[in-house]
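Spelled out, the chains give:
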Amino acid sequence: MTTTKSARELAETYFTAWEAGDFDTLRGLLAEDVDFVGPLGTASGIDQALGGLRGLGQVLEKIDVKVRVAEGDEVITWFELRTAIAPPAPTANWMHVENGRIARIRVTFDPRELLAGFEKKA
């Protein structure tokens with residue numbers, strides 16, 4: 001378990017910061033070598049991960065958390081991803097924490113409506 005914040009607290013702070021567009025706080029939560037895999041792409045390292053969060057953050061309206069389950073250094077958050085360009089997307093996010101930072105993130109949702117929204121926006 002982490003010594004400063006629990007994995008659950010890190011996940012809560014991550015989603016609050018992302019929704020607020022607070023990328024300085026997000027940077028402080030992520031491990032330098034954070035590894036991200038999701039339906040819109042992958043990211044290796046903190047700068048790529050933040051780039052992806054910024055990209056989706058441009059259309060993000062709300063992260064409507066339905067439930068969060070934590071066990072040790074693992075956290076799963078089930079939420080509706082609400083954007084300005086698509087209907088809400090039910091989303092599952094798994095995070096693994098190492099040394100007090102988020103080290104791995106896996107996200108799953110159906111990206112079709114979001115991708116169509118990005119195409120219309122372009």
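Let me sum up the structure you'll find in this document. (Residues numbered from 1 in each chain as written. Predicted model: local features only at pLDDT ≥ 70, side-chain atom pairs only at ≥ 80, totals over all residues. Heavy atoms only, no water.)

1. Brief notes about the sheet that holds strand 6 (residues 101-108)
Here is step 1: Ordered in space as 2-1-6-5-4-3, the 6 strands form an open sheet in which the pairing is mixed. Across the chains shown, the open sheet's two edge strands, defined by having one partner strand only, are strand 2 (41-44) and strand 3 (60-71). Strand-to-strand, the axes of this sheet are offset by a mean angle of 20 degrees, without reference to chain direction.
Here is step 2: Pairing of strand 4 (residues 74-83) with strand 5 (residues 89-98) involves 8 bridges; the strand directions are antiparallel. Considered in strand 5, the bridge of glutamate 74 is made with histidine 96.
Here is step 3: Packing against the sheet, helix 1 (residues 7-20) makes contact with strand 1 (30-38), strand 3, strand 4, strand 5 and strand 6, and its axis sits at approximately 175 degrees to strand 3.
Here is step 4: Most of the contacts of helix 3 (residues 46-57) go to strand 1, to which it runs at about 55 degrees, and overall it touches strand 1, strand 2, strand 3 and strand 4. (Pairing = 2+ DSSP bridges. Helix = DSSP H or I, 4+ residues; strand = E, 2+ residues; numbered from the N terminus. Axes fitted to C-alpha atoms, helices over the stretch in contact; angles between N-to-C directions. Contact = heavy atoms within 4.5 Å.)

2. Digging into the side chain of threonine 77
Here is step 1: By the element assignment, threonine 77 lies in strand 4.
Here is step 2: For threonine 77, the side chain forms a polar contact with the side chain of arginine 68, separated by 3.0 Å.
Here is step 3: Once residues lying within four places of it in the same chain are set aside, the contact partners of threonine 77 are Ala11, Phe15, Val65, Val67, Arg68, Thr91, Ala92 and Asn93. (Polar contact = N/O pair within 3.5 Å; in protein donor to acceptor, adjacent residues only side chain to side chain.)

3. Observations concerning the pattern of salt bridges
Here is step 1: One pass over the structure, following the stated rule, counts 9 salt bridges.
Here is step 2: Between arginine 82 and aspartate 64 there is a salt bridge whose closest N-O contact spans 3.4 Å. Of the two residues, arginine 82 sits in strand 4 while aspartate 64 sits in strand 3, which places them 18 residues apart along the sequence.
Here is step 3: Judged by relative accessible area, arginine 82 falls into the partly exposed class, the value being 30%.
Here is step 4: Its salt-bridge partner being glutamate 80, residue arginine 82 comes within 2.5 Å of it at the nearest N-O pair.
Here is step 5: In this structure, a network of salt bridges that share partners links the residues Asp64, Lys66, Glu80 and Arg82. (Salt bridge = Lys/Arg side-chain N within 4 Å of Asp/Glu carboxyl O. Buried < 20%, exposed > 50% of the residue type's maximum accessible area, 1.4 Å probe, protein only.)

4. Structural notes on a nonpolar patch on the surface
Here is step 1: Taken together, the side chains of Val67, Val69, Ile76 and Trp78 make up a nonpolar region of the molecular surface, amounting to roughly 370 Å² of accessible area.
Here is step 2: At the level of secondary structure, the elements contributing two or more residues to the nonpolar patch comprise strand 3 and strand 4.
Here is step 3: Counting through the fold element by element, tryptophan 78 comes out in strand 4.
Here is step 4: For tryptophan 78, a relative accessible area of 40% puts it in the partly exposed group. (Patch = residues over 30% accessible without salt bridge, like charges linked within 9 Å, V, L, I, M, F, W, Y side chains within 5 Å. Areas by Shrake-Rupley, 256 points an atom, 1.4 Å probe, with all protein chains shown as cover.)

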